[in-house]
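# Coordinate inspection notes
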Amino acid sequence: MATKYVGQRIKRTEDPRLIKGLAHYVDDIRLPDTLHVAFVRSVYAHARINSIDTSAALKAPGVVAVYTGKDIAEKIGPVPCAGALPGLKVPDYRVLAQDKVYFVGHPIAAVVATDAYAARDAVDLVSVDYEDLPVVVDVEAAANGGPVIYETFGDNIAYKLTAGEGDIEAALGSADRVLKQRIVHQRLAPIAMEGRGVLARYFPGEGDLTLWSSTQIPHLMRTQVALMIGIAENKLRVITPEVGGGFGSKLNVYAEEALLSWISMQLNKPVKWIETRRENIQATIHGRGQVGYVEIGCKNDGTLTGLRYNVFADLGAYHQLLTPAIPTLTGLMLSGAYKIPAIQINVTACFTNKMATDAYRGAGRPEATYVVERALDLVAAELGIDAAEVRRRNFPAPSEFPFHTATGLEYDSGDYETALNNAQAMIGYAKLREEQKKARAEGRLIGIGISTYVEICALGPSQAMPAGGWESATVRIDPTGTVTVLTGASPHGQGQETSFAQIAADELGVDLNDVTVIHGDTGIVQYGIGTFGSRATAVGGTAVLVAIQKLKEKAHKIAAHMLKSEASSLAFEGGRYSVQAAKAAAATGTSEPVVPVGEAPGGALPEPQIEGKSSLTIQEIALAAHIAKDLPPDTEPGLSATYFYEPKNFTFPFGTHICAVEVDRDTGDLKFLRYVAVDDCGKVINPMLVDGQLHGGIVQSLGQALFEEVVYDEQGQLVTGTLMDYAVPRASQIPWLELDRTETPSPVNPLGVKGVGEAGTIGATPAIVGAIVDALAPFGVKHLDMPVKPEAIWKIVNA
């Protein structure tokens, strides 16, 4: 019997090269005669460009060229935005500033030199004459008539949207109590371990352009860059080496990818740009950036009647690929894990003089979950009901799935109460509450926070996506029996090189080490959509599974022909096709061993030996399919299959996080006492990968709750422009994470998987903030804005 891999804790096959320093990032790729690019970036948040003098820079040692907005105005198209909303205003944002700059870090000119240091030195020699203009950085001020950024639009409102189902006025009117709260989701910088990087090489003779980029969407980038610079798409190859973390920040087509491609075509040499950390915080997308006002209605027993959320979404100075879509995702998930009869979201999305916001780990769902969970905590505090009990009273039962929400979604499957019960049992909830009472009597400040979340994953059906929601896979078995999986997903830390190999190894009955997963190269891999929104396994993995099933159908046909048997009498088990008698023998442990394929003389392909055999391995069939001397009529040689999988719905993972903290009265410092998470991501392919994703997500969530915040001052200057100013969590600040899971398979895909890449980020933030608020409840605290810093806590305690 072949080893079963799915469900096992298998170490990532991609890790050895990373640990040993043998992997290749964009900057590790060295091409002869490579030129280097550095950017002149705006030091003003909003200004008119009167003139740009590049003469001194052009005379600097090693400088080859300097390009400004006027040089590329009619030669490179605008940065693409895939959003399509009624009344959406889309700025004509070019890869270099034309006559105005809109945020600090806005690229104005590109300096090309023989090495990176010469290019950077020459940047300081470019003289820009600015005319400073009024700045708007506050999103509510932008909505209410602040300085207008785009004169052609007349105001700063990019779009307004109202959505939801049910009679919200009647729902709130029927409530015994209506609670209101202003909620801030501060701007965050994704801070991937590796910044962005671009390397472009053009061969003028062949007309071929190769673009290396640390992107999450290589095929979509190929399409968009081809359109931007006017090259035939089949002449452009995008290669994604190691990415070094993305979290959504590399789910875009940025100015640098198109501009370096165009520069390489002008100079006929490779050109490279590697982002600095300061550039990364200035000019790579930010996440979150919403200010909202929630109203929640409830009966006196805690039953929810309705929820309204009026939100001002800070889109920044222009749209990246999915910028306008993020607030709509917030609206879709406002039902959370609860039965809320009526829900309404009113979005006012605004331009401000800041870098664009876009998808950052969770992308709209952390915002929605935080709103709903904080609202549930307000209900619990108002009614004097335990926070866990309020949640339990509003859960839909497992029998109510598929569950229709008042935001228009159909949740696929769920058992929310079991996850809550398990989390409470793990942490000893009742005992913990008793200990909290005793601690308060002693003057200690202990708090317990709960979050029961649902998220939308496996993005998804093409009708709901801006550029297709399907995913592709090709699976082939080589003549020597090795298996190659080509996936249109583009993993960059999620571990699909391992999990997809586990799926293939189990389905084909081969050794895990005989499977190679290839991705991120548009010259090799069939067109795909990419990796984001926890979709790679649920959508991309399903494409792999179905492609394997198609391949096995062909193998079955070939096996029946070679064994001179009816196809209906063959069974596949453990990597072998056998007649029913052989299958019965296998069940009793007496099946014949695999007969190895012998070596052929002179390097020729060995021919399978089948005389007198009642079974064939998948490798023997693959060899026969390539030799093609004994195939069924009208059967193509080779053994491979391609499938494009289109899901019919999203998937909806869920879980419960419970956090216990103690606040130091003297310093405001926070000590984590316990952190428990019970998550359900459907069927689990590799528990080790799931745990890793949850660990990372919770840590990023902790960063938002306690430390991280992108800060601009009133003039639009970026105050938190380096990691000396922008605080990310340190290892010593992370609690021990106690993880468990339930497993509720999704009916949406045959794997039963739901997705887990963003679960920790979505579930953790409300639990952490809720615990702090609960600790400070003796001081009358009902809510705190993130990040909850020690000085804010200290001021409350010592007021």
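Along each chain, the written sequence defines residue order, and numbers are assigned to residues from 1. Side-chain atom pairs in this predicted model are given and counted only at pLDDT of 80 or more, local residue features only at pLDDT of at least 70, and totals for whole chains, interfaces and linings cover all residues. Computation of side-chain values: all heavy atoms of the structure, hydrogens and water removed.

Under the scheme applied here, a residue whose accessible area is under 20% of the maximum for its type counts as buried, over 50% as exposed, and between as partly exposed, the area being computed with a 1.4 Å probe on protein chains only. Here a helix means four or more residues in a row that DSSP labels H or I, a strand means two or more in a row labelled E, and each is numbered from the N terminus. Counting buried positions along strand 18 (residues 445-454) gives ten out of ten residues, so the element sits mostly inside the fold. By this definition, two strands are paired if DSSP reports at least two bridges between them. Here strand 18 runs beside strand 26 (residues 654-663); their pairing, made up of ten bridges, is antiparallel. When the sheet's bridge partners are listed, Ile450 is paired in strand 26 with Ile658.

The strand order across the open sheet built from three strands is 22-23-24, with neighbouring strands paired in antiparallel fashion. The open sheet has two free edges, formed respectively by strand 22 (570-573) and strand 24 (615-617), since each of these has just one partner strand. Neighbour to neighbour, the strand axes of the sheet diverge by 20 degrees on average, direction disregarded. Relative to strand 23 (residues 576-579), strand 22 runs antiparallel, the two sharing four bridges. Paired with Glu573 across the two strands is Arg576, which belongs to strand 23. Every axis corresponds to a line fitted to the C-alpha atoms, with the helix fit spanning only the stretch in contact, and the corresponding angles, defined between N-to-C directions, vary from 0 to 180 degrees.

Moving on, we come to the nonpolar core. We call a set of buried residues a nonpolar core when its members are Ala, Val, Leu, Ile, Met, Phe, Trp, Tyr or Cys and they connect through side-chain atoms within 4.5 Å of each other. With 169 residues, the main nonpolar core has Val95, Leu259 and Ile768 as its most contacted residues. Counting contributing residues per domain, this core is built from domain 1 (31-133 + 196-243 + 250-283) and domain 2 (290-460 + 649-797), each supplying no fewer than three. By size, the runner-up hydrophobic cluster in this structure holds 48 residues, among which are Val485, Leu508, Leu545 and Ala641. Where each domain starts and ends comes from a domain assignment, either automatic or drawn from a database.

Let's shift gears to the sheet that holds strand 11 (residues 236-239). Spatially, the seven strands line up as an open sheet ordered 3-5-1-12-9-10-11, and their pairing is mixed. Either end of the sheet is taken by a strand with one partner, and the two such strands are strand 3 (63-68) and strand 11. Across the sheet, the mean angle from the axis of one strand to that of its neighbour is 20 degrees, orientation sign disregarded. Pairing geometry for strand 1 (residues 35-41) and strand 12 (residues 271-274), over two bridges, is parallel. Pairing of His36 across the sheet is with Lys272, part of strand 12. Across the sheet, helix 7 (residues 218-229) is in contact with strand 10 (208-213) and strand 11; its angle to strand 11 comes to roughly 140 degrees. Contacts: residue pairs with any heavy atoms within 4.5 Å of one another. Seen against the sheet, helix 8 (residues 255-267) touches strand 1, strand 3, strand 5 (107-113), strand 9 (197-203), strand 10 and strand 12 and runs at an angle of roughly 30 degrees to strand 9.

Ring pairs shown here join Phe, Tyr and Trp side chains whose ring centres sit within 6.5 Å, with only the six-membered ring taken for Trp; geometry is labelled stacked below 30 degrees between planes, edge-to-face above 60, and tilted in between. Under the definition given, this model contains 19 aromatic pairs. For the ring pair Tyr44 and Tyr130, a centre distance of 4.8 Å and an interplane angle of 50 degrees mean the geometry is tilted. Placement of the pair is Tyr44 in the loop between strand 1 and strand 2 (47-53) and Tyr130 in strand 6 (residues 127-132), with a sequence separation of 86 residues. A residue is classified by how much of its surface remains accessible, and Tyr44, at 30% relative accessible area, is partly exposed. Look at Phe103 and Tyr318: their rings are 6.0 Å apart centre to centre, the planes differ by 20 degrees, and that puts the pair in the stacked class. Highlighted residues: Phe103 in the loop between strand 4 (100-101) and strand 5 and Tyr318 in the loop between strand 14 (304-316) and helix 10 (326-332), separated in sequence by 215 residues. Grouping residues by exposure puts Phe103 and Tyr318 together as buried. An aromatic cluster is present here, built from Tyr338, Phe395, Phe401, Phe403, Tyr411, Tyr416, Phe652 and Phe654 joined pairwise through their rings. Charges are assigned to positions over rings by a cutoff of 6 Å between ring centre and Lys NZ or Arg CZ, combined with an angular limit of 35 degrees from the ring normal. One cation-aromatic arrangement involves Arg535 over Phe532; the distance from NZ or CZ to the ring centre is 5.2 Å.

The domain architecture assigned to the protein consists of domain 1 (31-133 + 196-243 + 250-283), domain 2 (290-460 + 649-797) and domain 3 (470-645). Centre-to-centre, using C-alpha coordinates, domain 2 lies 42 Å away from domain 3. With 19 residues of domain 2 at the contact, the number on the domain 3 side is 18 residues. Of the roughly 1,400 Å² buried where domain 2 meets domain 3, counting both sides, 62% is carbon and sulfur surface. Two parts placed together each lose some accessible area under a 1.4 Å probe, and the buried area is that loss summed for both. Taken as a group, Leu459, Ile685 and Leu751 account for 36% of the area that domain 2 buries against domain 3, more than any other trio of residues on that side. Definition used for salt bridges: Asp or Glu carboxyl oxygen within 4 Å of a side-chain nitrogen of Lys or Arg. There are zero salt bridges connecting domain 2 and domain 3. Whenever two N or O atoms come within 3.5 Å, that pair is a polar contact, provided that in protein one can donate a hydrogen and the other can accept it, and provided that, for residues adjacent in sequence, both atoms are side-chain atoms. Taken together, domain 2 and domain 3 are joined by eight residue pairs in polar contact (both at pLDDT 80 or more).

Our focus in this paragraph is the packing of helix 7 against helix 8. In the contact formed by helix 7 and helix 8, the axes pass within 10 Å of each other and the chain directions differ by 55 degrees. As summarised for this structure, helix 7 and helix 8 are arranged oblique, according to the angle between their axes. Handedness of the helix 7/helix 8 crossing: right-handed. On helix 8, the residues touching Met221, Val225, Met228 and Ile229 of helix 7 are Glu257, Ala258, Ser261, Trp262 and Met265. Here the nonpolar group is Ala, Val, Leu, Ile, Met, Phe, Trp, Tyr, Cys and Pro; Asp, Glu, Lys and Arg are the charged ones; every other residue, Gly included, is treated as polar. Looking at the contact of helix 7 with helix 8 residue by residue, the classes come out as seven nonpolar, one polar and one charged. Oblique is the label for every angle not falling under 35 degrees (roughly parallel), over 145 degrees (roughly antiparallel), or within 65 to 115 degrees (roughly perpendicular). Definitions for this section: a left-handed crossing has its near helix turned counterclockwise from the far helix by less than a right angle. A right-handed crossing has that turn clockwise.

Pairing analysis gives four bridges linking strand 27 (residues 670-680) to strand 28 (residues 738-741), with the strands arranged parallel. From the neighbouring strand, Ala677 faces strand 28, where its bridge partner is Leu739. Seen with the strands pointing away from the viewer, any crossover whose path from the first strand over the helix to the second strand runs clockwise is right-handed. With helix 19 (residues 687-706) bridging strand 27 and its parallel neighbour strand 28, the resulting β-α-β unit is right-handed.

Time to look at helix 15 (residues 496-508). Between its first and last C-alpha atoms helix 15 spans 17 Å; for 13 residues at 1.5 Å apiece the expected length is 18 Å, and the two agree. Across the 13 residues that make up helix 15, a large majority, twelve, are buried. Restricting attention to buried positions, one finds in helix 15 the residues Gln496, Glu497, Thr498, Ser499, Phe500, Ala501, Gln502, Ile503, Ala504, Ala505, Asp506 and Leu508. Multiply 1.5 Å by the residue count of a helix minus one, and that product is the helix's expected span.

A few words on the packing of helix 11 (residues 365-383) against helix 20 (residues 759-775). The geometry of helix 11 relative to helix 20 is characterised by a closest axis approach of 8 Å and an angle of 35 degrees between their N-to-C directions. By crossing handedness, the relation of helix 11 to helix 20 is classed as right-handed. The residues of helix 20 that touch helix 11, namely those facing Arg365, Pro366, Thr369, Tyr370, Glu373, Arg374 and Asp377, are Thr761, Ile762, Thr765, Pro766, Val769, Gly770 and Val773. Class assignment for the residues of the contact of helix 11 with helix 20 results in six nonpolar, four polar and four charged.

With respect to the element layout, Glu257 can be found in helix 8. His is not counted, nor are the chain ends, whereas Lys and Arg count as positive and Asp and Glu as negative. For the buried Glu257, which has no salt bridge, the nearest side chain bearing the opposite charge is Arg196, at an N-O separation of 4.8 Å. Engagement of the side chain of Glu257 in a polar contact is seen with the side chain of Ser213, the distance being 3.0 Å. Only 2.7 Å separates the side chain of Glu257 from the backbone nitrogen of Tyr254, close enough to count as a polar contact. Ignoring anything within four residues of it in the chain, the contact list for Glu257 reads Val198, Leu211, Ser213, Met221, Val225 and Asn252.

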